[in-house]
Amino acid sequence: MDQLNNVWNLLMGILLIIVAWIVATLVKKAIQKGLEAVNLDERLERWGAVQSDEQGRNMINVIAQVFYYLVWILFLPGIFETFGLTSLYQPIQNMINTALAYLPNLIGAIVLVVIAVVVGKFVKNLVYNLALSLNVDRWVSRFTNRSGSTDTVEGVSTERKDTIANVLANIAYVLVLIPILVVALETLNIRSISVPIVNVLNSILAAIPNILVAAILLGVGIAIAKVVGDLVTSLLRGTGINNLTNSMNVKGTQNLDLAQISGQIVAGLIGLFFFVEA
């Protein structure tokens, strides 16, 4: 009777191995076909995750292979139990139970990260378009005496007017992303990893109000320095201070614009004051 049971268990174990191989192969093929159907390789290349289509296809194969082995892992406890290998069956079963119990936390964290990215991109585009419509770069250029940055396209230099808009949009993206990432890390409930990262992110969040106040103060300082500097330059030019350099000028040398130099010095001192205060 024992021999019949052993033979039966052996046949059942072999049958389970065959079933596991069939299911794992079908899952692998299904994952490959599904990811190829949604053009994941092209999407990965477009997102910058891979450098070429070949790397994208390799990534799809790796993902499919991971699911292949996951199916085998799910079947292994039953196979080992059928063969009577309890010492191998129990650790794997415990590992699977732990992973399944942790799965809701992992799914919740992934959902939160996806929400953070989607909401962050929405806010980023909103801030970018708003900054462009308000022509923020033009107003900043007025106070900083700089022209817009330029890009060369087919040998033609074109002025860019979205530099500050990009900066503001990226700042808004990060500000939206950080709080949701903190919640996602806490959802994972891996304290050895999440606690240090959460503490760093909380420190960044705590510093954001001070950074915003400092940025506003610097912006106000630059604006005031620009206005006062131009005012001093105009007043000094009206007094005829540049005539002093004209009368002392040696032929062939460039005249010094004392009014402009004085205005720039005053503007620099005011800007330095606001920088120190910020």
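What you see is a predicted model, and the numbers here were worked out from it, not measured in a lab.

Cut-offs and rules
- Residues numbered from 1 in each chain as written.
- Predicted model: local features only at pLDDT ≥ 70, side-chain atom pairs only at ≥ 80, totals over all residues.
- Heavy atoms only, no water.
- Helix = DSSP H or I, 4+ residues; strand = E, 2+ residues; numbered from the N terminus.
- Expected span 1.5 Å × (residues − 1).
- Phe/Tyr/Trp six-rings, centres within 6.5 Å; stacked < 30°, edge-to-face > 60°.
- Buried < 20%, exposed > 50% of the residue type's maximum accessible area, 1.4 Å probe, protein only.
- Lys NZ or Arg CZ within 6 Å of the ring centre and 35° of its normal.
- Contact = heavy atoms within 4.5 Å.
- Salt bridge = Lys/Arg side-chain N within 4 Å of Asp/Glu carboxyl O.
- Core = buried A, V, L, I, M, F, W, Y, C linked by side-chain atoms within 4.5 Å.

Peer 1: I tried to follow helix 3 (residues 53-82) on my own but got confused; where do I start?
Peer 2: Residue pairs spaced three or four apart in an α-helix point in one direction, given the helix's 3.6 residues per turn. For helix 3, built from 30 residues, the straight-helix expectation of 44 Å at 1.5 Å per residue is met to within 8% by its first-to-last C-alpha distance of 44 Å. The first or second residue beyond helix 3 is glycine 84, which carries a positive phi of 80 degrees.

Peer 1: So what exactly am I meant to see when it comes to the packing of aromatic side chains here?
Peer 2: How two aromatic rings sit relative to each other is given by the distance of their centres and the angle of their planes. Overall, the coordinates contain one aromatic pair when judged by the stated rule. Seen from their ring centres, tyrosine 68 and tyrosine 69 are 5.3 Å apart, and the 80 degrees between their planes marks the pair as edge-to-face. Take tyrosine 68: its relative accessible area is 15%, and that puts it in the buried class. With a relative accessible area of 47%, tyrosine 69 lands in the partly exposed category. Against the face of tyrosine 68 rests lysine 28, its NZ or CZ located 5.6 Å from the ring centre. Seen from the ring of tyrosine 173, lysine 124 lies directly overhead, with NZ or CZ sitting 5.6 Å from the centre.

Peer 1: Would you explain the side chain of glutamine 32 in this entry?
Peer 2: Note on placement: glutamine 32 falls in helix 1 (residues 2-37). Residues in contact with glutamine 32, not counting those within four places in the same chain, are Ile60, Asn61 and Ala64.

Peer 1: What am I meant to see in the pattern of salt bridges here?
Peer 2: Opposite charge on two side chains makes pairing possible when the charged atoms of those side chains draw close. Using the criterion set out here, one finds one salt bridge in the structure. Put simply, aspartate 230 and lysine 226 hold a salt bridge, and the shortest N to O gap is 3.3 Å. Highlighted residues: aspartate 230 and lysine 226, both in helix 7 (residues 191-239), separated by four residues, approximately one helical turn. Of the residues examined, aspartate 230 reaches a relative accessible area of 37% and is grouped as partly exposed. Exposure remark for lysine 226: the relative accessible area of 15% places this residue in the buried category.

Peer 1: I tried to follow the environment of isoleucine 96 on my own but got confused; where do I start?
Peer 2: Looking at where isoleucine 96 falls in the secondary structure, it is placed in helix 4 (residues 86-134). As for isoleucine 96 and leucine 74, which are separated by 22 residues in sequence, their C-alpha atoms are 7.4 Å apart. Those residues within four positions of isoleucine 96 in sequence are excluded, and the remaining contacts are Ile73, Leu74 and Pro77.

Peer 1: Can you help me understand the nonpolar core in this one?
Peer 2: Nonpolar side chains in soluble globular proteins tend to end up buried together. If you look at the biggest cluster of nonpolar residues, it comprises eight residues: Ala109, Ile178, Val182, Ala184, Leu185, Leu188, Val198 and Leu201. Those elements that place two or more of their residues in this core are helix 6 (163-188) and helix 7. With five residues, the single largest contributor to this core is helix 6. When residues no more than four places from it in sequence are discounted, the contact partners of leucine 185 are Ser194, Ile197, Val198 and Leu201.

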